[in-house]
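# An overview of the molecular structure
Okay, here's what each chain looks like letter by letter:
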Amino acid sequence: MEILIYVGLAWWLVNFEPLQLLLDAIFSRLPINGLTIPIHAAFGCPKCVGFWTSWALTGEFLTATLISLTAHTLDLCLQRLNK
C-alpha cells in the first residue's frame, strides 16, 4: 500500500500543471548550462521524481528503485492509452 502512495505522489508531482509552471518560471530565470538543463528535465520525469521523493521520505534504496520502476511503467501505460 505504501508503494502505491509514493507512485501516486510521484505521478501527481510530475503532472500537476501549476507546480510545473512554477518550476518552468524558476528555471527560465536561471542561466542555461550543463547543470540546470538536466535538473529541469528531471522534474518532469516520473522515474526521477518517484525515485528521489521516495528515497527522501523512506530512506530505503530498494523501495525507491521499485517505486521508480512502477512510476515508469505507469507512465508508459498511460502514454499508450492516450494514443
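Check the entry above for the structure.
A brief structural summary. It should be emphasised that the depicted structure is a prediction, and the values quoted were computed from it without experimental measurement.

Put simply, helix H1 (residues 2-15) and helix H4 (residues 46-58) touch, their axes get as near as 9 Å, and they point 130° apart. Between H1 and H4, the angle is such that the two are oblique. Here H1 runs over H4; the crossing is right-handed. Of the residues in H4, those touching H1 at Glu-2, Tyr-6, Leu-9, Ala-10, Leu-13 and Val-14 are Pro-46, Val-49, Gly-50, Thr-53, Ser-54, Leu-57 and Thr-58.

Checked against the element boundaries, Ile-39 lands in helix H3 (residues 36-42). Using a relative accessible area of 35% as the deciding quantity, one classes Ile-39 as partly exposed. In this structure, the C-alpha to C-alpha distance between Ile-39 and Phe-27, residues 12 residues apart in sequence, is 9.2 Å.

Moving on, we get to H4. Each α-helix winds once per 3.6 residues, and so residues spaced three or four apart point in a common direction. With 13 residues, H4 ought to run about 18 Å at 1.5 Å a step, and its terminal C-alpha atoms sit 17 Å apart, in line with that. Where H4 is concerned, the buried positions are Pro-46, Val-49, Gly-50, Phe-51, Thr-53 and Ser-54. Those residues of H4 hidden inside the fold are in contact with H1, H3 and helix H5 (61-82). Directly beyond the C-terminal end of H4, a positive phi value near 80° is found at Gly-59.

Thresholds applied
- Residues numbered from 1 in each chain as written.
- Predicted model: local features only at pLDDT ≥ 70, side-chain atom pairs only at ≥ 80, totals over all residues.
- Heavy atoms only, no water.
- Axes fitted to C-alpha atoms, helices over the stretch in contact; angles between N-to-C directions.
- Helix = DSSP H or I, 4+ residues; strand = E, 2+ residues; numbered from the N terminus.
- Parallel < 35°, antiparallel > 145°, perpendicular 65-115°, else oblique.
- Left-handed = near helix turned anticlockwise from the far one by under 90°.
- Contact = heavy atoms within 4.5 Å.
- Buried < 20%, exposed > 50% of the residue type's maximum accessible area, 1.4 Å probe, protein only.
- Expected span 1.5 Å × (residues − 1).

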